[in-house]
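Summary of structural features
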Amino acid sequence: MPTPAAEVDVDVPLVRALLADQHPDLAERPLAVVANGWDNVVVRVGTDLAVRLPRRAAAAMLVEHEQRWLPELAALVGDVVPLPVPLRTGRPALGYPWSWSVVPWLPGVSAGSREGGSRAAGLPVARTLAAFVAALHVPAPADAPVNPVRAVPLHTRSAAVLERLASGPVPRAAELATAWRTAADLPTAAGPPVWVHGDLHPCNLLVEAGPQGDHLSAVVDFGDVTAGDSAVDLATAWLTLDREARADFRRRVTTADASLDEHSWGRARGWAVSIASALAVSDEPSSRTVARRAIDAVLDD
């Protein structure tokens, strides 16, 4: 699935003009585009800041969700791992039509970029990731963002997932379809909707090298943040972690949340099928590699 075309071209001259208009003390800093993704462009500002700008209208509300909710989410998880909480905001101007954010530049590199996406994370990442989801997965307020494609009952996504598996170049698609149907038939989540990241795969996790291996240094891209079934985040067990780390993550998360049962982890496996199959048809080679590794983990565990 090719990255959607940008509806507005975001480049250094535009960002410098927006900064000069609204945050002039930042306008003379060195600027460099460091990411041009599915929804947003990230421009580094000096050594300690970045500007995050939507590149298409569908992402504009997601940035506003981050501006509204990331400070509150950071209050829940900030003792575990840093989040890109907006330090300043920008308004539409100079022909650019959407809100945008100035965020801290967080340390580390995408876990999905490690050896082209082929390296699964180990125990140090699993420990911090378990603490992160345990802190995040608390009942969300009634006005939490609504996301129609994440943290919802799995059966509501069956048509889209099965169509992708039938039509896209997804490895082991027939086996994945069977795994998806099994997960989608499970009971839906009970209890109140909880906060979820919604897109907790390796490309949204930053890691740094350490003496015990990579450790989790930040969690980014909260555009899909919503309230619902925590299983969508638990899918990171297969998307991100190696076998030993996956077992450790599951043990830690289940100890922290006694409401999790076999059905919870079955739904998490279904979400891993959904997210991995979407990554498998990406035009980014590292995303496809992440997907292949995760697919094998889901099917061969």
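As for empty space enclosed by the protein
Left-over empty space is what a probe sized like a water molecule reveals as it rolls over the atoms. If you walk through the whole model with that rule in mind, you get 1 cavity of 30 Å³ or more. Computed from the structure, the largest cavity encloses a volume of approximately 50 Å³. Lining the largest cavity are Ala111, Arg114, Arg119, Ala120, Ala121, Pro202, Val207, Asp214, Thr240 and Arg293. Classifying every residue of the lining of the largest cavity by side-chain character gives 5 nonpolar, 1 polar and 4 charged.

Topic: the nonpolar core
Among the nonpolar cores identified, the biggest contains 70 residues, and Leu83, Phe132, Val219, Phe249 and Trp265 are the most heavily contacted of them. The element contributing the most residues to this core is helix α9 (residues 262-280), with 9 residues. Non-local contacts of Phe249, meaning those with residues more than four positions away in its chain, are made with Ala126, Leu129, Ala130, Val133, Leu234, Thr236, Ala237, Leu241 and Trp265.

A look at the environment of Arg250
One can find Arg250 in helix α8 (residues 243-256). Classification of Arg250 by relative accessible area gives partly exposed; the value is 29%. Between the alpha carbons of Arg250 and Leu260 there is a distance of 9.8 Å; along the sequence they are 10 residues apart.

As for the layout of surface pockets
In this structure, the second largest pocket occupies an estimated 510 Å³ of space. Taken together, 32 residues form the lining of the second largest pocket, with Ala189, Ala190, Gly191, Asp229 and Arg267 sitting closest to its centre. Elements supplying a minimum of two residues to the lining of the second largest pocket: α5 (173-184), α6 (231-234) and α9. Among the elements that take part in the lining of the second largest pocket, α9 stands out by supplying 4 residues, more than any other. Taken together, the residues that form the lining of the second largest pocket break down as 19 nonpolar, 9 polar and 4 charged.

Notes on the side chain of Arg157
Structurally, the position occupied by Arg157 is in the loop between α3 (123-136) and α4 (158-167). Residues in contact with Arg157, not counting those within four places in the same chain, are Pro148, Val149, Val152, Trp180 and Trp271.

Considerations on the sheet that holds strand β3 (residues 49-54)
Judged by pairing direction, the sheet is antiparallel, and its 5 strands sit side by side in the order β1-β2-β3-β5-β4 without closing on themselves. With one partner strand each, in any of the chains shown, β1 (31-36) and β4 (88-90) form the two edges of the open sheet. Adjacent strand axes in the sheet meet at a mean angle of 25 degrees when their direction is disregarded. Seen against the sheet, helix α1 (residues 12-22) touches β1, β2 (40-45), β3, β4 and β5 (100-104) and runs at an angle of roughly 120 degrees to β1.

About the thresholds
- Along each chain, the written sequence defines residue order, and numbers are assigned to residues from 1.
- Per-residue local features are limited, in this predicted model, to residues with pLDDT of at least 70; the limit for side-chain atom pairs, both in listing and counting, is 80 or more; totals at the level of whole chains, interfaces and linings are taken over all residues.
- In computing side-chain values, all of the structure's heavy atoms are included and hydrogens and water are not.
- Each cavity reported here is a set of points on a 1 Å grid over the protein atoms alone in which a 1.4 Å probe fits but cannot get out, each pocket an open set with protein on both sides within 12 Å along at least five of seven lines, and each lining residue one with an atom within 4 Å of a point.
- Grid points are joined across faces, edges and corners, and a volume is the space filled by probe spheres set on the points.
- Asp, Glu, Lys and Arg are counted as charged, while Ala, Val, Leu, Ile, Met, Phe, Trp, Tyr, Cys and Pro are counted as nonpolar; the rest, among them Gly, fall into the polar class.
- As used here, the term nonpolar core means buried Ala, Val, Leu, Ile, Met, Phe, Trp, Tyr and Cys residues forming a set that is joined through side-chain atoms within 4.5 Å.
- Here's how the labels work: a residue is buried when its accessible area is under 20% of the maximum for its type, exposed when over 50%, partly exposed in between, all with a 1.4 Å probe on protein chains only.
- The way it works is that DSSP assigns letters per residue, a run of H or I at least four long becomes a helix, a run of E at least two long becomes a strand, and they are numbered from the N terminus.
- The contact definition used throughout considers only heavy atoms, calling two residues in contact when any of these lie within 4.5 Å.
- When DSSP finds two or more bridges between two strands, those strands count as paired.
- Convention adopted: a line fitted to C-alpha atoms gives each axis, helices being fitted over their contacting stretch, and angles between N-to-C directions are expressed from 0 to 180 degrees.

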